[in-house]
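# Understanding the architecture of this molecule
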Amino acid sequence: MRFETLAVHAGHDVDPSTGAVTPAIHPSTTFERDEDGSYTRGYVYARVGNPNRRALEECLVSLEGGASCAVFASGSAATMAVFQSLSPGDHVVAPKDVYHGTAQILTNILAHWGLETTFVDMTDLTQVEQAIRLNTRLIWIETPSNPLLKITDIETVADIAHRSGAACVCDNTWATPALQRPLELGADMVVHATTKYLGGHSDVTSGAVVAKNDDNLFQRIRLIQVTAGAIPSAFDCWLVLRGIRTLPYRMRAHSENATAVAAFLNRDPASVEAVYYPGLRGHPGHAIAARQMSLFGGMVSVQIYGGRDAAMKVAAKVRLFTRATSLGGTDSLIEHRASVENYGVEPGQETGTPENLLRLSIGLEHPDDLIQDLVQALE
Ligand SMILES: Cc1ncc(COP(=O)(O)O)c(C=O)c1O
């Protein structure tokens, strides 16, 4: 079946007992045992599994082309479970321009627990090769990256990982399986903040790990999910599954709108210092993105001449965009990324995101209205 059909049908059937087309929500925390003590209906206790969670996991397995999936209470909980499946003393290679929360997990939480990380510019394959050590167990990819939209060559980096006996995990949050399928390009696992495009309406926090093989590494992630219990509620799973039904169409519209906005910003040399969008021909990752993505996604970053104050002024003047963090919903958002990333961070641990950078999550409004809003904000 084609992707659009899977998005509508994977993980849900008409309810045989009621005929309901839309799945019911199962808040029950516990499930009845059979007279002989078995659980033939497949559920025991909600932390271990419930029908809404199973439906979402089945759907994500189909969309990413994997073998197994474990969903979590946030994208960060999913990320954490992947790293916790490693052992103290293991080494990870991760991109310098990784989502700042992922960098925090590695440096401020798991480094204390004995996990070692080398951050590299993942667009430079020599740096990736040189970072590999005997104890390297995992290469983490995030493409397009947050917030600089750097593009990593998934196929090549997965190959480097496998040649050194490491696993390759790709955070596919920004592209989604509608635009990019890392498991088909050689990655072993995909991670999602389903909070973003998969949920699609800025109303649910959740995450997922999808594995190509139900191997030992994935079994450890499953153990962390059901035992440590950072799970999404039944309603959260229902919301994400509902969002996924329209994912292919939303991603096309996000990409089309972002292409128009990026092209507009690129034509404004008076106020715009740089535009980051992989769909622009001048973007250094354009050729790789064109090969491994079907469209270029809904995220655009822009650097404004005049430093932090000028960028803050643009963010202050928008009327249609909302000043807020996050991404992937119907409403366009604008944020001064450095101040969000460095909020409450110890001096010296700032992320290095340029102070004049604004990150735009391009929503589903008409692109001309978005451009008009930016015209008046940039004046
Ligand atoms: C690429 C990426 N990965 C992971 C996350 C973390 O997701 P969550 O906020 O659901 O923990 C985010 C959040 O913005 C993200 O952009």
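Residues numbered from 1 in each chain as written. Predicted model: local features only at pLDDT ≥ 70, side-chain atom pairs only at ≥ 80, totals over all residues. Heavy atoms only, no water.

### Side note on the pattern of salt bridges
Where we set the bar: A side-chain nitrogen of Lys or Arg and a carboxyl oxygen of Asp or Glu constitute a salt bridge if their distance falls within 4 Å. Helix and strand definitions here come from DSSP, where helices need a minimum of 4 consecutive H or I residues and strands a minimum of 2 consecutive E residues; each element is numbered from the N-terminal end. Only protein chains enter the area calculation, which uses a 1.4 Å probe; residues under 20% of their type maximum are buried, those over 50% are exposed, and those in between are partly exposed.
Counted under the stated rule, the structure contains 15 salt bridges. With a closest N to O distance of 3.9 Å, Arg53 and Glu57 form a salt bridge. Residue Arg53 and its partner Glu57 are located together in helix 2 (residues 51–64), separated by 4 residues, close to a single helical turn. For Glu57, a relative accessible area of 10% gives the class buried. Between Asp90 and Arg137 there is a salt bridge, with its nearest N and O atoms 3.6 Å apart. Of the two residues, Asp90 is situated in the loop between helix 3 (75–84) and strand 2 (91–95) and Arg137 in strand 4 (residues 136–142); the sequence distance between them amounts to 47 residues. The class of Arg137 is partly exposed, set by a relative accessible area of 36%. In this structure, a network of salt bridges that share partners links the residues Glu335, Arg337, Glu341 and Arg359.

### Describing empty space enclosed by the protein
Rules: Definitions used throughout: a 1 Å grid over protein atoms alone; a cavity as a set of points that fits a 1.4 Å probe which cannot get out; a pocket as an open set with protein on both sides within 12 Å along at least five of seven lines; a lining residue as one with an atom within 4 Å of a point. Grid points are joined across faces, edges and corners, and a volume is the space filled by probe spheres set on the points. Throughout this entry, Asp, Glu, Lys and Arg are counted as charged residues, while Ala, Val, Leu, Ile, Met, Phe, Trp, Tyr, Cys and Pro are counted as nonpolar. The remaining residues, Gly among them, count as polar.
Taken as a whole and judged by the stated rule, the model has 1 cavity of 30 Å³ or more. Here the largest cavity defines a volume of roughly 60 Å³. Along its surface, the largest cavity is lined by Pro95, Lys96, Asp97, Val120, Asp121, Met122, Thr123, Ser145, Lys150 and Thr152. Taken together, the residues that form the lining of the largest cavity break down as 3 nonpolar, 3 polar and 4 charged.

### Some points on a nonpolar patch on the surface
Inclusion rule: In this analysis, a patch consists of residues with relative accessible area above 30% that form no salt bridge, clustered at 9 Å for like charges and at 5 Å for the nonpolar side chains Val, Leu, Ile, Met, Phe, Trp and Tyr. Areas reported as accessible are Shrake-Rupley estimates using a 1.4 Å probe. Residue values count occlusion only from the protein chains shown.
Taken together, Val44, Tyr45 and Val48 make up a surface patch of nonpolar side chains, about 250 Å² in accessible area. Looking at where Val48 falls in the secondary structure, it is placed in the loop between helix 1 (3–9) and helix 2. A relative accessible area of 47% means that Val48 is categorised as partly exposed.

### Looking at the packing of aromatic side chains
Defined as follows: Between the rings of Phe, Tyr and Trp (Trp by its six-membered ring), a pair exists once the centres lie within 6.5 Å; its type follows the angle of the planes, with under 30 degrees stacked, over 60 edge-to-face, and the other angles tilted. Should the NZ of a Lys or the CZ of an Arg lie within 6 Å of a ring centre and within 35 degrees of the ring normal, that charge is described as sitting over the ring.
Taken as a whole and judged by the stated rule, the model has 4 aromatic pairs. Each ring, one from Phe235 and one from Trp238, has its centre 6.1 Å from the other, and the planes form 25°; the classification is stacked. With Phe235 and Trp238 both in helix 9 (residues 234–244), this residue pair falls 3 residues apart, about one helical turn. On the accessibility criterion, Phe235 (42% relative accessible area) is partly exposed. Stacked on the ring of Tyr249, the Lys or Arg Arg252 has its end atom at 4.9 Å from the ring centre.

### Describing the sheet that holds strand 1 (residues 68–72)
The condition that has to hold: What makes two strands pair is DSSP finding at least two bridges between them. Helix axes use the C-alpha atoms of the stretch in contact, all axes being lines fitted to C-alpha atoms, and the angles between their N-to-C directions lie in the range 0 to 180 degrees. Contacts: residue pairs with any heavy atoms within 4.5 Å of one another.
With mixed pairing, the 7 strands of this open sheet are ordered in space as 1-7-6-5-4-2-3. In the strand order of this sheet, the two ends are held by strand 1 and strand 3 (116–120), each with one partner. Each adjacent strand pair in this sheet contributes to an overall mean axis angle of 20°, direction not counted. As defined by bridge partners, strand 2 adjoins strand 4 across 3 bridges and the pair is classed as parallel. Following the sheet pairing, Val93 is matched in strand 4 by Ile139. This element, helix 2, spans strand 1, strand 6 (189–193) and strand 7 (207–211) of the sheet and lies at about 125° to strand 1.

### Let's talk about the pairing of strand 3
Cut-off, in case you're wondering: For crossovers, right-handed means that the path from the first strand over the helix to the second runs clockwise, given strands pointing away from the viewer.
Where strand 2 meets strand 3, 5 bridges bridge the pair, whose relative direction is parallel. In the strand pairing of strand 3, Val92 is matched with Thr117. Where the polypeptide runs from strand 2 across helix 4 (residues 100–110) and back to strand 3, its parallel neighbour, the crossover connection is right-handed.

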